[in-house]
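Residue-level listing of the chains:
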Amino acid sequence: QVQLVESGGGLVQAGGSLGLSCAASGSSIGIYNMGWFRQAPGKEREFVSAITWTGSSTYYADSVKGRFTISRDNIKNTVYLKMNSLEPEDTAVYYCARRARGSYGYQSEKLYDYWGQGTQVTVSS
């Protein structure tokens, strides 16, 4: 059973940058596609970004495209999300998740079988 732990959240001014990490333990994530989601207060959790197990393909929500970059290091068993040009609308709890094997697509949270506890990102205007 894998445990996912996010870190790197915090408070940043609009226009600033943050880097999130998602460290996996208990099992390797090296053969799994991984994703990042976020949930703002009063809103449903939404897809942010995903990466294939090789790292060769990445996917982004339109709202973050060009500003966020997902990456992974399978040796370190870690997935990253670099966030630039942050906006107040990016304020949310950010979650990483492991996509279940045999599933297809990447935007629906139902495709993911393990989740971290989340890390808070707050962007002030």
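Computed from a predicted structure; not experimentally measured.

Draft legend 1. Inspection of the packing of aromatic side chains at higher detail. Following the criterion strictly, the structure yields six aromatic pairs and no others. Taking 4.0 Å as the distance between ring centres and 20° as the angle between the ring planes, the aromatic pair formed by Tyr59 and Tyr106 counts as stacked. Placement of Tyr59 in strand β6 (residues 58-60) and of Tyr106 in the loop between β9 (92-99) and β10 (112-115) is noted, with a sequence separation of 47 residues between them. Residue classification places Tyr59 among the partly exposed residues on the basis of a relative accessible area of 28%.

Draft legend 2. Structural detail: the side chain of Arg99. Within the secondary structure layout, Arg99 lies in strand β9. For Arg99, which is buried and forms no salt bridge, the nearest opposite charge comes from Asp113, at a distance of 8.7 Å. Each residue touching Arg99, except ones within four places of it in the same chain, is listed here: Tyr32, Asn33, Tyr104, Gly105, Leu111, Tyr112 and Asp113.

Draft legend 3. Here's a closer look at the sheet that holds strand β8 (residues 78-83). With antiparallel pairing, four strands are arranged side by side in an open sheet as β1-β3-β8-β7. Either end of the sheet is taken by a strand with one partner, and the two such strands are β1 (3-7) and β7 (68-73). The sheet shows a mean angle of 15° between the axes of neighbouring strands, taken without regard to direction. Strand direction decides the pairing type here: strand β3 (residues 18-25) and β8, joined by six bridges, are antiparallel. By the bridge assignment for β8, Cys22 is matched with Val79.

What counts, and at which threshold
- Residues numbered from 1 in each chain as written.
- Predicted model: local features only at pLDDT ≥ 70, side-chain atom pairs only at ≥ 80, totals over all residues.
- Heavy atoms only, no water.
- Phe/Tyr/Trp six-rings, centres within 6.5 Å; stacked < 30°, edge-to-face > 60°.
- Helix = DSSP H or I, 4+ residues; strand = E, 2+ residues; numbered from the N terminus.
- Buried < 20%, exposed > 50% of the residue type's maximum accessible area, 1.4 Å probe, protein only.
- Lys, Arg positive; Asp, Glu negative; His and termini not counted.
- Salt bridge = Lys/Arg side-chain N within 4 Å of Asp/Glu carboxyl O.
- Contact = heavy atoms within 4.5 Å.
- Pairing = 2+ DSSP bridges.
- Axes fitted to C-alpha atoms, helices over the stretch in contact; angles between N-to-C directions.

Honestly, it's all geometry; don't read function into it.
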